[in-house]
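# Descriptive structure summary
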Amino acid sequence: MLSAPTTAALQPFVELFWARAAQPARAGLRERVLPSGRPHLALRLDGAGLRLYADEHDRDGRLIANAVVAGVRTRPYFKDAGEPSRSVGAVLRPGAARALFGCSAAVLVDRHVALGELWGDEADLLQQRLAQTTDTARQIELLQAALLHRLRPIRAVPAPIAEALAAVTADSDIAALVRAGGCSHKHFVALFRDAIGLPPKRYARVLRLQRTLQSQTEGGWSERALDAGYSDQAHLQREFRALTGLTPQGWRRALTESTHHLAEAAPANFVQDPTADTPLT
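Residues numbered from 1 in each chain as written. Predicted model: local features only at pLDDT ≥ 70, side-chain atom pairs only at ≥ 80, totals over all residues. Heavy atoms only, no water.

Along the protein chain, the regular secondary structure elements total eleven helices and eleven strands. Relative to a compact globule of 281 residues, whose C-alpha radius of gyration would be 19 Å, the protein chain shows 20 Å and is just as compact. Principal-axis analysis of the C-alpha atoms gives the protein chain an extent of 55 × 45 × 30 Å. Counting all 281 residues of the protein chain, 48% fall into the buried class. (Helix = DSSP H or I, 4+ residues; strand = E, 2+ residues; numbered from the N terminus. Rg over C-alpha atoms; globule rule 2.2 N^0.38 Å. Buried < 20%, exposed > 50% of the residue type's maximum accessible area, 1.4 Å probe, protein only.)

Right, let's talk about helix 7 (residues 185–196) for a bit. Here helix 7 is twelve residues long and its end C-alpha atoms lie 16 Å apart, about the 16 Å a rise of 1.5 Å per residue gives. The set of residues buried in helix 7 consists of F188, V189, F192, A195 and I196. Buried residues of helix 7, viewed axially, fall in a sector of 135 degrees; they line one side. Considering only its buried residues, helix 7 is in contact with helix 5 (159–167), helix 6 (174–181) and helix 8 (200–214). Residue G197 follows helix 7 closely and has a positive phi angle near 110 degrees. (Expected span 1.5 Å × (residues − 1). Arc of directions from axis to C-beta. Contact = heavy atoms within 4.5 Å.)

With that settled, consider the nonpolar core. Grouped burial of nonpolar side chains is what soluble globular proteins tend to show. The biggest cluster of nonpolar side chains holds 33 residues, and the ones touching the most others in it are V14, L43, L100, L115 and L147. Contributing elements (two or more residues each) for this core: strand 2 (14–20), strand 4 (40–44), strand 7 (67–70), strand 9 (87–92), helix 1 (96–101), helix 2 (115–119), helix 3 (121–131) and helix 4 (136–150). Setting aside chain neighbours within four positions, we find L115 in contact with L41, L43, A67, V68, V69, F101, G120, A123 and L126. Of all hydrophobic cores here, the second largest spans 16 residues; its members include V109, V168, V178 and F192. (Core = buried A, V, L, I, M, F, W, Y, C linked by side-chain atoms within 4.5 Å.)

On to the pairing of strand 7, then. Judged by which residues are buried, strand 7 turns out to be covered on both faces: A67 and V69 on one side and V68 and A70 on the other are all buried. Relative to strand 7, strand 4 is paired through four bridges, and the arrangement is antiparallel. Of the residues in strand 7, the one forming a bridge with A42 is V68. Relative to strand 10 (residues 112–114), strand 7 is paired through three bridges, and the arrangement is antiparallel. By the bridge assignment for strand 10, A70 is matched with H112. (Pairing = 2+ DSSP bridges.)

Of all the five residues making up strand 4, four are buried; the element is thus mostly covered by neighbouring parts of the structure. As paired strands, strand 4 and strand 9 are joined by five bridges and run antiparallel to one another. Residue pairing across strands places L41 opposite A90, the latter belonging to strand 9.

Read across the open sheet, the five strands follow the order 6-5-8-3-11; overall the sheet is antiparallel. Only two strands of the sheet have a single neighbouring strand rather than two, namely strand 6 (62–63) and strand 11 (261–265). Here strand 3 (residues 29–33) pairs with strand 8 (residues 77–80) via four bridges, running antiparallel. Looking across to strand 8, one finds that R30 is bridged to D80.

Here the structure, examined in full by the defined rule, presents six aromatic pairs. Pairing W221 with W251 gives two aromatic rings, centres 6.2 Å apart and planes at 70 degrees, and the pair type is edge-to-face. Placement of the pair is W221 in helix 9 (residues 221–228) and W251 in helix 11 (residues 248–254), with a sequence separation of 30 residues. Overall, the relative accessible area of 9% leaves W221 in the buried class. Over the face of the ring belonging to Y53 we find R30, whose NZ or CZ atom lies 3.4 Å from the ring centre. The side chain of R224 reaches across the aromatic face of W221, ending 4.7 Å from its centre. (Phe/Tyr/Trp six-rings, centres within 6.5 Å; stacked < 30°, edge-to-face > 60°. Lys NZ or Arg CZ within 6 Å of the ring centre and 35° of its normal.)

Under the criterion given, the structure shown has eleven salt bridges. Across the pair E264 and R32 runs a salt bridge, and its minimum N-O distance is 2.5 Å. In this pair, E264 is assigned in strand 11 and R32 in strand 3, connecting sequence segments 232 residues apart. Just as E264 is buried, R32 falls in that class too. (Salt bridge = Lys/Arg side-chain N within 4 Å of Asp/Glu carboxyl O.)

The strand order across the open sheet formed by six strands is 1-2-9-4-7-10, and the pairing between neighbours is antiparallel. Strand pairing shows two members of the sheet lacking a second neighbour, strand 1 (2–4) and strand 10, which therefore form its edges. The average angle at which neighbouring strand axes cross in this sheet is 20 degrees, direction not considered. On the sheet, helix 3 packs against strand 4, strand 7 and strand 9 and is oriented at approximately 60 degrees with respect to strand 4. Contacts from helix 4 reach strand 1, strand 2, strand 4 and strand 9, with the element oriented near 140 degrees to strand 2. (Axes fitted to C-alpha atoms, helices over the stretch in contact; angles between N-to-C directions.)

A few words on the environment of E31. Looking at where E31 falls in the secondary structure, it is placed in strand 3. Each C-alpha atom, one on E31 and one on Y77, is 8.2 Å from the other, the two residues being 46 residues apart in sequence. Polar side-chain contacts of E31 include one of 3.0 Å to the side chain of H261. (Polar contact = N/O pair within 3.5 Å; in protein donor to acceptor, adjacent residues only side chain to side chain.)

By themselves, these figures tell us nothing about what the structure is for.
Next up, the structure:
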């Protein structure tokens with residue numbers, strides 16, 4: 001996978017760009033994708049598009065689109081990972097939804113929205129241009145140009161929220177952040193949700209999960225729980241299952257090269273072809 005730095009004008013809204021060549025077909029393979037705290041934009045350049053499943057037991061799933069915007073998550077999502085496809089995308093920052101798509105980040109939470117719903121015909125034109133080149137660096141250039149074209153002349157996030165984001169951690173005192181913001185609690189939460197998608201306390205829960213997934217703490221889960229900011233191991237267990245659908249031990253058994261993308265087999269005899277009931281396993 002190729003990753004690339006962000007142009008200066010987009011840096012307040014885009015963390016990084018990436019492009020990936022088609023992977024070998026892996027029929028029947030799915031991924032459980034865990035909350036990361038960041039929205040993203042992704043365009044599949046081949047095939048039928050992104051197929052999502054309601055849960056690990058869903059046999060059929062549903063097609064969304066080739067180009068999608070995904071909001072921040074408070075629970076995992078399940079996607080088909082077996083169809084080979086070139087893809088290009090961007091990891092987004094707080095404030096990107098308003099600046100690039102003209103909507104509040106709150107309307108994207110726990111959702112994948114077709115880019116065409118936000119950009120109209122421009123989404124199809126971008127998809128076609130990207131599909132016509134096999135040069136991953138050129139694909140990233142085209143995507144950056146499209147985002148620059150759609151960029152609205154607004155600041156990334158209001159000052160009170162920017163200051164809060166710079167200070168917020170998994171164990172932050174949210175009331176103190178509100179006081180530092182110099183506005184009412186209700187207004188602060190509304191601004192926070194518009195920029196990030198989640199209210200401050202729920203966002204802090206996702207940050208705590210991130211600290212857990214990325215922890216290098218040696219020892220057992222009790223030590224990792226305290227290091228991540230949980231009150232005890234039982235607290236970690238409850239939050240881990242609520243946000244990932246797994247126990248910490250189940251997550252560790254499923255780990256491959258990614259802490260957030262966990263490979264899972266599809267249910268037996270599931271149907272994946274959107275035009276015919278043809279079993280793929």
